[in-house]
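Report on the structure
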Amino acid sequence: MTDNEADDSIKNTSQLGPPDPTTAAGNGSKGENVGIEPSSNDKSATGASASVSAVTSQLLRMLAAAEARRSAYLHSAEEASAARDGEVREAPRTERQQIEVPQPPHEFKDRLTKTGHRSLSCSLSRSSTDNLSSESTDEEISPQNKEQKNSKGSNDFCIRSIRQAAFGRREIEMAEQEMPALVMLRKATQGEKPLAGAKIVGCTHITAHTAVLIETLSLLGAQCRWTACNIYSIQNEVAAALAEGGVPVFAWKGESEEDYFWCIDKCVNAEGWEPNLILDDGGDLTHWIYRKYPQLFENIKGIVEESVSGVHRLYQLYKAGKLCSPAINVNESVIKQKFDNFYCCKESVLDGLKRTTDVTLSGKQVVVCGYGEVGKGCCAALKGLGAIVYVTEIDPICALQACMEGLQLARLNDVIKMVDIVITCTGDKNVVTRELLESMKSGCIVCNMGHSNTEIDVASLLTPDLTWRRIRKRVDHIVWPDGKQIVLLAKGRLLNLSCSTVPVYVLCITATTQALALIELFNAPEGRYKQDIYMFPKKMDEYVAVLHLQSYDAHLTELTDEQAKYMGVNKSGPFKPSYYRY
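Cut-off values and rules
Residues numbered from 1 in each chain as written. Predicted model: local features only at pLDDT ≥ 70, side-chain atom pairs only at ≥ 80, totals over all residues. Heavy atoms only, no water. Helix = DSSP H or I, 4+ residues; strand = E, 2+ residues; numbered from the N terminus. Expected span 1.5 Å × (residues − 1). Buried < 20%, exposed > 50% of the residue type's maximum accessible area, 1.4 Å probe, protein only. Core = buried A, V, L, I, M, F, W, Y, C linked by side-chain atoms within 4.5 Å. Axes fitted to C-alpha atoms, helices over the stretch in contact; angles between N-to-C directions. Parallel < 35°, antiparallel > 145°, perpendicular 65-115°, else oblique. Left-handed = near helix turned anticlockwise from the far one by under 90°. Contact = heavy atoms within 4.5 Å. Nonpolar A, V, L, I, M, F, W, Y, C, P; charged D, E, K, R; others polar. Disulfide = S-S within 2.5 Å.

Let's talk about helix H21 (residues 504-523)
Compared with the 28 Å implied by 1.5 Å per residue over 20 residues, the 28 Å span of H21 between its first and last C-alpha is a close match. Burial of H21 is extensive: 18 of the 20 residues sit out of reach of the surface.

Section: the nonpolar core
Core analysis: the biggest nonpolar cluster contains 57 residues, and Leu182, Leu195, Ile200, Ile206, Leu217, Trp226 and Val249 have the highest contact counts within it. Where this core is concerned, the elements lending two or more residues are helix H8 (165-176), helix H9 (180-189), helix H10 (208-219), strand E2 (223-228), helix H11 (236-244), strand E4 (277-280), H21 and helix H22 (538-549). For this core, the element with the highest residue contribution is H21, accounting for 10 residues. Within the second largest apolar cluster, 32 residues are counted, among which are Cys345, Val389, Ile423 and Ala490.

A look at the packing of helix H15 (residues 334-357) against helix H16 (residues 373-384)
Contact pair H15 / H16: the axes reach a minimum separation of 7 Å and the direction vectors enclose 45 degrees. Here H16 runs oblique to H15, going by the angle between their axes. Here the hand of the crossing between H15 and H16 comes out right-handed. Judged by residue contacts, Gln337, Lys338, Asn341, Phe342, Cys345, Lys346, Val349, Leu350 and Leu353 of H15 engage Glu373, Val374, Lys376, Gly377, Cys378, Ala380, Ala381 and Leu382 from H16. Of the residues belonging to the contact of H15 with H16, the class tally is 10 nonpolar, 3 polar and 4 charged.

With respect to the state of the cysteines
Evaluated as defined, the whole model comprises 0 disulfides. You can see Cys229 has no disulfide; the closest cysteine sulfur is in Cys203, sitting 5.4 Å from it. Cys229 sits in the buried class, given a relative accessible area of 11%. Counting only cysteine sulfurs, Cys425 is the nearest neighbor of Cys447, a cysteine outside any disulfide, at a range of 8.0 Å. Residue class for Cys447 comes out buried when judged on its relative accessible area of 0%.

Now the structure itself:
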């Protein structure tokens, strides 16, 4: 039989063993047929059976050989392993002086000496920018207790670590690419130095985009001293870059309340230096000067304020007859309301929620308190991801706008028990009280997108019956005695500036309005501005828009003389009256 025939026999046989003797013997009785000589047909069946037996035997021999090779391999592996084990056991008997340990590079050894004995895995996991990140020792020591100097030998600053300056410089350079209007403003006015002689004290968010603003003011001739208006939004590396560049800056991320006001005081109370302009965000700097150093207002030409709460505090001073200098309300400018407040919050609210909680927003029930420009931006973003959005509002006009957008207008008391997320956008006080917090379901996320940190009554949660658990940075679980917990983000401070990034291009619009307002106040003739609060001029609103249009492939239509005369406007603007609502 050939090999192919043998293969066919194997394929057509249900078992490899020999056939049953009764089948090979035919239909006779078992005892009679055992010794009978087989017929010709029986011989053929017997031959096939013999061939199957031969193939089976061959397969069994092959399997036996394979098993023998496997056993030999395992045996040799066990011997090798035993030999290695023997070497390990005998290693302690070798003389220690014969083992040469390679010495670390001198630079690496110096770094270990300076930074302490950190884990090697941590050190190796860092890239070459390791010196740009805050070291553990830097975090433990208060910046107030450090002696730091920049490359020019100046120590007129207080920040986390001056060693982060190179990293911060790259952050600022990246932000400049998204802030074309400020760069063009530098080129257009740098030769004239419109702020030569200006001494600006500022209290704003210290981020890469505000650093571009500060350096623009410096290039236009101003001397600046800066502090932060928010303890969580500070970028330490950016503060270091500003200090290295010669700007006295007093801020570091995670300041205590005592540190916060200490920084404001150090920024204002400088020997041989008095401010003549104030750039404020929230009003803390203005009120600190008013309470501690009121004599400085004799030389201050004006205040520029960009937040809802800060403007509200200015009006309180004005009504009490205590406003000591002119002020420009940048927050109410058209360009800021329609672009910064709306688009900035629209893009950053989702980023803040995702980074802190990893929440899926599709199908979630969210209540947004307030439907101003900030609330509109938040609702648009949340609705776009499939959230079920409720709105609370006191203004019937804003309430009607929400209804026309397909949003459900409700009172907070009516929906607080069923919503998954609560977002405040009002700028008011005690919007979310302890009573409302008690009514929330377990797992509800609570955060603030308005400027003031008073919207959520966080102080009422600091009671012995509640347990605070820090989950991650700026994420706290507040646990009730019955096990219910709510998720509080940034301790009630601004979600987007505390927990996420913000779109720099949009913020450039506000930064440009601030720069133009400062230039206007500083160069205004004596008597133009009284001790009052002024709106940002419409002409300047349009100029800011023109500067930003140049980054697009946009072409404005020009009026003819006849058209301008018919409309009663100047061909170069402003194109809308001050009472026009965009």
